[in-house]
Amino acid sequence: MPLFVSEQTQFLLDKVVSQSVHTASPSFIGHMTSALPYFMIPLSKIMIALNQNMVKTETSKAFTPLERQVLGMLHRLVYNQDEGFYGRWLHDAHQHLGAFCSGGTVANITALWAARNRAFAAVDDFKGIGREGVFAAFKHYQCEGAAVLVSERGHYSLSKAADVLGIGRNGLVAVETDGRNRIRPEALQSKLAQLRSKGIRPFGLVGIAGTTETGHIDPLDTLADIAAEQQLHFHVDAAWGGPTLFSERYRDRLQGIERADSVTLDAHKQLYVPMGAGLVLFKDPATLSSIEHHAQYIIRKGSKDLGSHTLEGSRPGMAMLVHSALQIIGRRGYQLLIDQGIEKATAFAEMIRADQQFELITEPELNILTYRWRPKAARSLLEGAAGEARFRLNELLNRCTRYIQKAQREHGRAFVSRTRLTPECYQGQATLVFRVVLANPLTTLAVLQDILQEQCQIATEAALADCIDEIRLLTDNR
Ligand SMILES: Cc1ncc(COP(=O)(O)O)c(C=O)c1O
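Everything numeric here is computed off the predicted structure, so don't read it as measured data.

Draft legend 1. Examining the nonpolar core more closely. Leu74, Val273 and Val322 are the most contacted members of the largest nonpolar core, which totals 71 residues. Considering every element that reaches this core, the biggest residue donor is helix H3 (residues 63-79), with seven residues. Counting contributing residues, this core receives three or more from each of domain 1 (51-331) and domain 2 (341-476). Sequence-distant contacts of valine 273, defined by excluding residues within four places in its chain, comprise Leu36, Met40, Ala267, His268, Met318, Leu321, Val322 and Ala325. One finds Tyr371, Leu382, Tyr426 and Ala459 within the second-largest nonpolar core, a separate group that totals 37 residues.

Written as structure tokens, this is what we have:
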């Protein structure tokens, strides 16, 4: 039986809306999904009512140039080329400053797809990896395989990219990080040498500007030097941290990003656009030609159809919302949001450090930090303990962190996420931590204080400190 719209609406209100996650809440600080500015709701309605399809100009006449305009605006933010450059390439049918897509995952895949096709390009009688496939490419280029390198903090979308691009998940090579979760350049150099000695051809290097778990930034300038020296495509995954470039105060933290061959940005993260908007920018507008595809009924050769240079086919006109956000929030608005987020994270780190019940695990470089519950008794024990005792205590603290995080989520007043890190100070022992992402401007220090308080209360009610006292007794009695 078909339903009336009113009946379906009632069902949605009762069963779906009421059970949905309140991502806009100032105390929802666990993930990268945050509050939207109010104007996104009426503007989204316009976008949906128009139902433009970005794959071809015949269904997106005004939206196609608008999308190119947005790519140009963000290209300028990263690469800041001169007027002549943008005048020449912004609306060129054959060259592209970037590609819009549904999010950071597809943006990363697109970047590495273009990098792979350029590294294994057509030469002599070989028609290119895109046409002949991976096996023929490796045969022609006389290698046993291909690789992309990224720090061990790389986002899992890169591993998906390696999988779909046919180099295999093992083709994404993880490089050790330092105590601040940044790639170690000397470890990178030695991984590159190892790969080459095994006949594996590295073709891409990914730097991260804002790691998903800790918000740290790789030394991008150093990576750009290594990429140039080793002839690698240098991609920067700035899905999270990219908008830091709007901040006069903090943009230097991304120093070297302008040397990347490609850069991923996620508009549905720190550009405050609804879910489903990511993009990848290319320094050289000819790069995307390596993934060009055509068909007879649309995306014909020479047309301005965007679908000839994107992984996805039919796509919504999300660029309209990104354009609106860039115009309405503007450079200064984003600067304010970024500065506030970073400064709030610094203040929260201070608050955690000053509290005897908690331990800060990673210092914020952007607006993400991690910490764990570690009561006073555990602190002194950890300081004195070594070897097995320390290991067991950390295991116990891991169980407590998991318990507190789950209980807080179930209470429903606040939400922090949790992840597993391998901090240097614990000799790489797997350590469960609370992860906090501070992107909602309405999250105040008072809200953060309440979150800590609730975590302490959960620990007290569950008598978690008693477990630690038992460990103390065990260690004392040895
Ligand atoms: C650094 C980084 N890259 C890529 C992605 C993937 O983005 P999406 O979830 O939009 O596909 C994320 C998502 O959190 C991310 O943090």
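Draft legend 2. Examining the domain arrangement of the chain more closely. Assigned domains of the chain: these are domain 1 (51-331) and domain 2 (341-476). Here the C-alpha centre of domain 2 lies 35 Å away from the C-alpha centre of domain 1. Taken together, the contact pairs 23 residues of domain 1 with 17 residues of domain 2. Interface area, domain 1 with domain 2, both sides summed: about 1700 Å², of which 48% is carbon and sulfur. At the boundary of domain 1 with domain 2, the tally comes to two salt bridges.

Draft legend 3. Layout of the environment of cysteine 456. Within the fold, cysteine 456 resides in helix H14 (residues 445-461). Those residues in contact with cysteine 456, other than ones at most four positions away along the chain, are Gln357 and Phe358.

Draft legend 4. Highlighting the side chain of aspartate 218. If you trace the backbone, aspartate 218 turns up in the loop between strand E4 (200-208) and helix H9 (220-230). Buried charge aspartate 218 goes without a salt bridge, the closest partner of opposite sign being arginine 182 at 6.6 Å. Excluding its chain neighbours within four sequence positions, the residues that come into contact with aspartate 218 are Ser151, Asn181, Arg182, Ile183, Val206, Gly207, Ile208 and Leu223.

Reading the values: the criteria
- Residues numbered from 1 in each chain as written.
- Predicted model: local features only at pLDDT ≥ 70, side-chain atom pairs only at ≥ 80, totals over all residues.
- Heavy atoms only, no water.
- Core = buried A, V, L, I, M, F, W, Y, C linked by side-chain atoms within 4.5 Å.
- Buried < 20%, exposed > 50% of the residue type's maximum accessible area, 1.4 Å probe, protein only.
- Helix = DSSP H or I, 4+ residues; strand = E, 2+ residues; numbered from the N terminus.
- Domains from an automatic or database assignment.
- Contact = heavy atoms within 4.5 Å.
- Buried area = accessible area lost by both parts, 1.4 Å probe.
- Salt bridge = Lys/Arg side-chain N within 4 Å of Asp/Glu carboxyl O.
- Lys, Arg positive; Asp, Glu negative; His and termini not counted.

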